[in-house]
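Chain by chain, the residues:
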Amino acid sequence: MPTSPVTVAVTGAAGQIGYALLFRIASGEAFGPDTPVRLRLLELPAALPALDGVRMELDDCAFPLLDSVIGTSDTDEAFRGADWALLVGAVPRREGMERKDLLSINGGIFTGQGEAIARNAADGCRVLVVGNPCNTNALIGSTAAARHGMPADRWFAMTMLDESRARSQLAAKADVPVSDVRDLAIWGNHSSTQFPDAWHATIGGRPAPEVIGDDAWLEGDFIASVQQRGAAIIKARGQSSAASAANAVIDTVRNVAQPSGDIFSAAIPAPPSGGYDVPEGLVFGFPLRAIAPGVVEIEQGVAHGEFARGRIRATTDELLEERAAVAELLA
Ligand code: NAD
Ligand code: LMR
């Protein structure tokens, strides 16, 4: 039976990720085959002609679930009534940069957008920040939105692409289908300090380290390849990941909006007693489980060894440095 339409705002909609994402949302992949979708697409004024071309292509697909499309450069109009806001619009890094080098370019975008979401979106709006550095951009956006009364627990930053990369690496090493690899959490920052936790992942229901049988690889090449995968793609393609990033957006939305009982990765503002000694408010990657549509809990009781604790400390320190660098935007 058809359900009420979901209103989805997507920023940077004429960009690379936007082009790989919108058609999949419109076809029902994010919200299910019975949920009509209203797309609200935000772009910079200079990109509106390109966005118009994207809108024409959306029309030409004649998607049965696509209720309406609005393209605009007006932030209030884009977020009006939004049930989901997917904040993709931001400058990507180039070869040789770290994602945090983008903070001075992109950070400011999220103050205005956070305020506009709080003023205009639907009461239960969920926000997924993709634009880099996504954890600290989500911190900036959620802080601005909180000044207008929006609870911070509505905000997510995307670490799902890292989870998919890590699952794919483990599946290849174990020579099993990727669907056998589960419970893989990304801790901390979507950056080269992230900690992909293979030690609590399972492969075919067994602990991943037992199946892999190569601790040196897990501690070395595995972690490094996941941490550096974004940079490797930029080097190879000359542009940052787009199709795989769009795929991770779909997976994140699906995991949050349609609880399955499975553990998945996303970064959220650390609650006061989040259980893992992460400073309150830092937007930090955790293993999450959706307990109701749009509501997640941090998986509790994950016991880390000394190696993992060191990695989690390093990624926490980096996020604290990023927070200090944008203190003016948080005041
Ligand atoms: P892109 O340059 O192809 O597209 C970005 C689009 O955003 C452009 O069309 C631009 O006009 C628009 N834009 C810029 N500022 C805007 C604003 N204030 N409001 C609305 N639109 C705005 O870049 P892309 O490849 O689509 O990547 C977008 C962002 O996503 C980058 O910051 C990139 O680093 C990041 N990213 C994150 C992940 C992740 O896993 N979290 C993965 C891939 C890419
Ligand atoms: C990625 O992980 O592919 C994105 O964050 C893009 C980047 O800059 O690496």
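Quick note: structure is the one above.
Just so you know, the residues in each chain are numbered from 1, in the order the chain's sequence is written. Chain letters and ligand numbers both follow the written order, the letters beginning at A and the numbers at 1. In view of the model being predicted, local features appear only for residues whose pLDDT reaches at least 70, and side-chain atom pairs are presented and counted only at 80 or more, with totals across whole chains, interfaces and linings using the full set of residues. Side-chain numbers here rest on the full set of heavy atoms in the structure, without hydrogens or water.

### Let's talk about the packing of helix H7 (residues 160-174) against helix H11 (residues 243-257)
A pair of packed helices is characterised by two quantities: the angle between their axes and the separation of those axes. The following threshold applies: Only C-alpha atoms enter the line fits that serve as axes; for helices the fit covers just the stretch in contact. Angles between N-to-C directions range over 0 to 180 degrees. Helix and strand labels come from DSSP, where a helix needs a run of H or I of at least four residues and a strand needs a run of E of at least two; each type is numbered from the N terminus. The cut-offs work like this: below 35 degrees is roughly parallel, past 145 is roughly antiparallel, 65 to 115 is roughly perpendicular, and the gaps in between are oblique. Should any heavy atoms of two residues lie within 4.5 Å, those residues are considered in contact. Under this grouping Gly is polar, as are all residues other than the nonpolar Ala, Val, Leu, Ile, Met, Phe, Trp, Tyr, Cys and Pro and the charged Asp, Glu, Lys and Arg.
It is at 8 Å that the axes of H7 and H11 come closest, and there the two elements cross at 105°. Judged on the interaxial angle alone, H11 and H7 are roughly perpendicular. Each of Met160, Leu161 and Ser164 in H7 lies in contact with H11, whose residues at this interface are Ser244, Ala245, Ala248, Asp251, Thr252 and Asn255. A breakdown of the residues in the contact of H7 with H11 according to their chemical character gives four nonpolar, four polar and one charged.

### Looking at the site of ligand 2
Going by this rule: Near residues are defined by distance, with any heavy atom within 4 Å of the molecule or strand qualifying the residue. What qualifies as a polar contact is a pair of N or O atoms within 3.5 Å, subject to a donor-acceptor requirement within protein and to the restriction that residues adjacent in sequence count only when both atoms come from side chains. To be clear on the numbers: accessible area is Shrake-Rupley with a 1.4 Å probe, and residue cover counts the displayed protein chains and nothing else.
Around ligand 2, the neighbouring residues are Arg93, Arg99, Asn132, Leu161, Arg165, His190, Gly230, Ile234, Ser240 and Ser241. Contact distances for ligand 2 include 2.5 Å between an oxygen atom and a side-chain N or O atom of Arg93. At 2.8 Å, a side-chain N or O of Asn132 approaches an oxygen atom of ligand 2. If ligand 2 stood free it would expose 260 Å²; the protein chains cover 93% of that surface. Considering only residue class, the shell around ligand 2 consists of two nonpolar, five polar and three charged.

### Side note on the sheet that holds strand E11 (residues 206-207)
Adjacent strands of a sheet pair through backbone hydrogen bonds, lying either parallel or antiparallel. Here is the rule: Two strands are said to pair when DSSP picks up at least two bridges between them.
Strand order in the open sheet formed by three strands is E7-E10-E11, with antiparallel pairing between adjacent strands. Where the open sheet ends on each side, the last strands, each with one partner, are strand E7 (181-182) and E11. Inspection of the sheet shows strand E10 (residues 202-203) paired to E11 by two bridges, in the antiparallel sense. Pairing of Thr202 across the sheet is with Pro207, part of E11.

### Some thoughts on the site of ligand 1
Looking at ligand 1, there are 26 residues lining it, with Gln16, Glu43, Val91, Val130 and Asn132 nearest. In this structure, a nitrogen atom belonging to ligand 1 sits 3.4 Å away from a side-chain N or O atom of Gln113. In the model, a nitrogen atom of ligand 1 is placed 3.3 Å from a nitrogen or oxygen of the Val130 main chain. If you list the elements that add at least two residues to the shell around ligand 1, you get helix H1 (16-26) and helix H5 (109-120). Its residues assigned to classes, the shell around ligand 1 shows 15 nonpolar, 10 polar and one charged.

### Points about the pattern of salt bridges
Which entries qualify depends on this criterion: Just to be clear on terms, a salt bridge is a Lys or Arg side-chain nitrogen sitting within 4 Å of an Asp or Glu carboxyl oxygen. Summary of the burial criterion: residues with accessible area below 20% of their type's maximum are buried, those above 50% are exposed, and those between are partly exposed, where the area comes from a 1.4 Å probe applied to protein chains only.
Taken as a whole, this structure holds 15 salt bridges when the rule is applied. When the shortest N-O distance is used, the salt bridge between Asp52 and Arg55 registers 3.0 Å. A residue pair is termed a helical-turn pair when its members lie 3 or 4 positions apart in one helix, as Asp52 and Arg55 do in helix H2 (residues 48-61) at three residues. On the accessibility criterion, Arg55 (26% relative accessible area) is partly exposed. Here Arg309 ties to Glu306 by a salt bridge, and the two come within 2.8 Å at their closest N and O atoms. In this pair, Arg309 and Glu306 both sit in helix H12 (residues 306-325), three residues apart, roughly one turn of the helix.

### Some remarks on the environment of Phe23
By secondary structure assignment, the location of Phe23 is in helix H1. Take Phe23: its relative accessible area is 14%, and that puts it in the buried class. Taking C-alpha positions, Phe23 is 6.7 Å from Leu58, a pair spaced 35 residues apart along the chain. Filtering out sequence-adjacent residues up to four positions away, Phe23 remains in contact with Val54, Glu57, Leu58, Cys61 and Phe63.

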